[in-house]
Every structure is written in C-alpha cells, then in structure tokens.
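Structure at a glance
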Amino acid sequence: MITSTTNPQPADFADVRATNLAVVLRFVREHAPCSRADIAASTGLNKATVSSLVADLIDRRLVRETGLTENRVGRPATMLVLDGSPYAAIGVEINVDYVTAVAVDLSGERLLSWRRSFSGATSSVSQAVVAVAGLVRRVTNRMAKEERQVLGVTVGVPGLVGTDGTVLIAPNLGWRDADLAGDLTKALRDPGFGVQIDNDANLAALAEHRFGPQAGTANLVYLTGEIGVGAGIILDGRLRRGARGYGGEIGHIQLDPLGAECRCGRLGCLEAVAGIGAVLQHAALSPAEVEIEIEEVVRLARSGERRTLDLLAAVGHNLGKGVSVIANLLNPEVVILGGYYVPLAPWLLPAVGEEMRGRTIAPDGGGCRVVASTLGYGAAALGGAARVLDTVDSGRLPRPS
Ligand SMILES: [Zn+2]
C-alpha cells in the first residue's frame with residue numbers, strides 16, 4: 001500500500017492521493033457499511049489519512065455517512081456507504097436487431113433500461129451513429145433532469161474493436177473500419193464525458209463479473225447468443241482482450257468444414273451452426289424479428305413439437321462442442337450463455353453439458369458449469385456502464401460539482 005507518509009515525492013503526490021482515494025472507494029463498495037477504522041485496519045492506511053480521504057470522497061458525494069453507528073469498545077463508529085447518487089454511468093449496445101441503453105448510479109443501482117428495435121443488418125455506420133447519439137441524448141437529458149452528472153458512455157458492438165475505439169470489422173452489421181468513438185463524440189457535440197467502444201461479449205462478461213449471480217468469479221466466460229456468437233473472457237479476475245483486443249472470437253472456430261456458410265465468408269463456423277441464425281433458419285423463421293421468432297420457437301418446444309426439439313438438441317450439441325473448446329483451453333468455473341440462448345436454455349443446456357463433459361480431458365469438464373444469464377437482453381449495455389464504473393474505481397474520480 002502506498003501512503004503519502006512513506007512516499008513524500010511532491011510530484012507524485014496527486015497520483016498517490018488519487019490511488020488512495022480509489023482504494024478507499026473500492027473498499028467501501030465491497031464492505032459497506034463500514035467505519036473509518038475498518039478502512040484503516042484493512043488497507044494499511046493510517047487513520048488520519050483515511051479521515052482526510054473519506055472527507056474528500058464525501059465532498060465529491062461518492063461516499064456518505066449513514067447516521068448509523070456501530071458500538072465498539074470505546075466510542076461508537078459512524079458507518080459509511082457508497083453514495084454516488086449525483087452520478088450516472090451509461091452503457092449502450094448496438095446489435096443486429098436492437099439498440100439498448102442502460103444507466104446506473106455509482107452503486108450500480110439501475111436508473112433506466114431502454115430497448116429499441118433497430119435494423120442493424122441494413123443500417124450504415126452513419127445511420128447507427130444517428131440512432132445511438134439520439135438515444136444517448138435522451139438518456140443524458142433524463143439524467144440532467146435528475147441532476148446527475150454523466151461519468152461516461154460505453155457502446156458495445158458485435159465485432160472486432162481496437163483499443164482506440166475503431167470497429168475493424170462487425171460482420172453481422174456489415175461494418176468495416178468504422179471510427180465509432182470519433183463519430184459518436186462528434187454527433188454528441190463533445191459532450192464533456194468520455195465515449196468508449198468495446199466488444200459486446202467483453203462488456204457482458206464485465207456485467208456478469210460485477211452484477212450477476214456469478215459476480216466476483218475469477219474465471220468466467222460469457223457467450224453472446226445473438227446472430228453472432230462471441231466470448232467475453234475473464235481470467236484471474238480480469239477481462240482478457242488479447243494483443244490487439246480481438247480475442248474471444250469463438251463464433252468463428254470451424255466446427256464443420258462442410259457446414260453452413262458464415263457471415264464471415266467461411267464454412268461451418270460455430271455461429272453458423274449454433275448461433276441464433278441457425279435456429280431461425282432451420283425453423284424456417286425470419287431473422288428480421290428475432291425476439292418474436294424466438295418466442296415462437298419456445299412455444300413450439302414447450303408444446304413438445306418434435307422437429308423443434310430435434311433442432312434445439314442439434315444446436316445444443318454444436319454449441320457444446322464450442323463450450324468444450326473453452327473448457328479445455330481456459331478451465332473456467334462457469335460459462336454463461338446470454339442473449340437469445342437464455343429463453344432456449346432449458347432445451348440447449350442438456351446437450352451442451354453432455355458434449356462438454358464428453359470432450360474435456362479434465363474429469364467432469366474441469367469443474368466448469370454452464371448456466372443461462374439472468375441479466376436479460378441488456379447485459380452488454382449494463383457491462384458498458386460497468387466499464388465506466390471501472391474507470392472510477394481505478395482512480396479517475398469525478399470532480400465535486
Ligand atoms: Zn465465421
């Protein structure tokens with residue numbers, strides 16, 4: 001632990017203080033309600049430093065006193081909790097058939113969750129920018145009415161996103177080399193907060209890691225179940241993106257050299273034989289209104305219709321082959337199926353589990369569980385908000401207003 005008393009370099013003082021503020025803020029997030037003495041005891045910062053840091057966090061309205069006290073030997077301690085009510089973090093997800101926006105406050109409390117249908121497959125990048133900027137403006141107007149300061153926006157896209165926020169390729173949207181971060185910032189007329197772009201699976205994994213029932217699981221993989229299939233990979237508690245940010249493209253491992261053609265131009269990719277497009281195509285349903293069509297598939301499966309049950313079992317077996325690759329390679333504690341896989345999970349999971357256990361060299365799939373996400377269709381958007389909160393937790397604190 002770095003403290004101002006052990007590292008008195010004046011040039012580093014602001015950095016040290018920001019780091020220590022973030023340490024205290026993270027402690028309160030994880031252990032609230034807690035006292036100043038608890039913070040000092042657990043972080044190794046001395047009591048005077050903790051008092052000064054807490055005063056600063058209260059001043060920024062990131063932390064507040066509850067009014068509750070805990071009686072200890074000696075005098076009672078005032079308990080602290082996260083405040084953050086004057087702030088909002090925004091996440092947006094663009095996908096083939098919808099755009100979602102989520103806003104949360106600093107403690108992760110959901111402020112709003114909006115979903116609009118959007119024809120991503122036939123929209124140009126500039127049309128998407130107009131749609132997303134319009135949605136973000138409506139969210140920021142709502143936040144302004146509630147007197148909240150927007151800390152930032154992260155937009156999730158189903159494709160390869162570079163570390164600079166450019167979308168190299170998003171096959172299911174038909175995009176190449178799109179400067180989405182730059183275009184959105186311009187469309188929002190330099191809004192005074194950061195605009196970040198990330199891969200949708202990465203963001204959904206962050207949402208699960210921060211907010212889901214598996215929160216805090218050190219080794220977790222999230223699989224998007226959209227027209228495309230991507231993996232968000234958390235190993236040893238951290239999101240792993242790879243050298244250029246393009247890791248996790250499990251949707252394009254080839255499962256069948258003679259299989260159906262994928263939107264990437266190759267044959268038999270996982271997403272072509274186990275993505276939601278494969279379900280709709282074989283069920284002879286239109287991919288235009290995916291949500292409605294998936295409801296129809298669920299209805300047929302519930303009624304025990306043989307063709308639908310066989311189709312879901314086949315898709316489940318293909319998906320299970322992909323999950324076994326993940327289990328063999330990464331040995332996660334859990335693989336979470338998201339998106340449209342969630343309503344189909346009762347029929348997919350048995351086949352997925354069977355394939356995974358049969359194909360992993362470690363006994364019992366290396367302990368890997370496969371579960372359906374409970375975060376709903378907004379998982380990637382929620383993860384976008386989580387990524388904004390991560391920047392606060394890592395020390396980029398908002399100024400007191
Ligand atoms: Zn492919």
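- In the annotation of an unreviewed UniProt entry, the protein chain is listed under the name Transcriptional regulator and assigned to Planobispora siamensis.
- Quoted verbatim from the Sequence similarities (unreviewed entry) field of the UniProt record, the comment on the protein chain reads "Belongs to the ROK (NagC/XylR) family."

**As for the UniProt feature "domain: HTH marR-type" (unreviewed entry) in the protein chain**
- UniProt's entry tags residues 24-65 with the feature "domain: HTH marR-type" (unreviewed entry), counted in the numbering of this structure.
- Note that residues 24-65 is 69% helix and 7% strand, and that its end C-alpha atoms are spaced 14 Å apart.

**Comments concerning helix H11 (residues 341-359)**
- Spanning 19 residues, H11 covers only 21 Å between terminal C-alpha atoms, well under the ideal 27 Å at 1.5 Å per step.
- The sharpest bend along H11 measures roughly 65° and falls at Trp 347, with the proline Pro 350 sitting one to four residues further on.
- Inspection of H11 places Tyr 341, Leu 344, Ala 345, Leu 348, Ala 351, Val 352, Gly 353, Glu 355 and Met 356 among the buried residues, and these make up the whole buried set.

**Here's the deal with the coordination of the zinc ion**
- Taken together, His 252 (ND1), Cys 262 (SG), Cys 264 (SG) and Cys 269 (SG) make up the protein donors of the zinc ion, found 2.0 to 2.4 Å from the metal.
- Along the chain, the residues donating to the zinc ion fall in the pattern H-x9-C-x1-C-x4-C. An identical accessibility class is assigned to Cys 262 and Cys 269; each is buried.

**What about helix H10 (residues 306-330)?**
- With 25 residues, H10 should cover 36 Å at 1.5 Å per step; its first-to-last C-alpha distance of 35 Å lies within 8% of that length.
- Backbone geometry just after H10 places Asn 331 at a positive phi near 50°.

**Brief notes about the environment of Ala 89**
- Mapped onto the secondary structure, Ala 89 falls in strand S3 (residues 87-94).
- Look at Ala 89 and you get buried, because its relative accessible area is 0%.
- Once the C-alpha coordinates of Ala 89 and His 209 are considered, the two residues, 120 residues apart in sequence, prove to be 17 Å apart.
- Leaving out residues up to four positions away in the same chain, Ala 89 has contacts with Val 102, Ala 103, Val 104, Gly 152, Ala 385, Val 388 and Leu 389.

Cut-offs applied
- Residues numbered from 1 in each chain as written.
- Predicted model: local features only at pLDDT ≥ 70, side-chain atom pairs only at ≥ 80, totals over all residues.
- Heavy atoms only, no water.
- UniProt positions renumbered as here; feature names shortened; annotations may be inferred.
- Helix = DSSP H or I, 4+ residues; strand = E, 2+ residues; numbered from the N terminus.
- Expected span 1.5 Å × (residues − 1).
- Bend = angle between axes of the 7 residues up to and from the residue.
- Buried < 20%, exposed > 50% of the residue type's maximum accessible area, 1.4 Å probe, protein only.
- Donors = N, O, S within 2.8 Å, 3.2 Å for Na, K, Ca; no water.
- Contact = heavy atoms within 4.5 Å.

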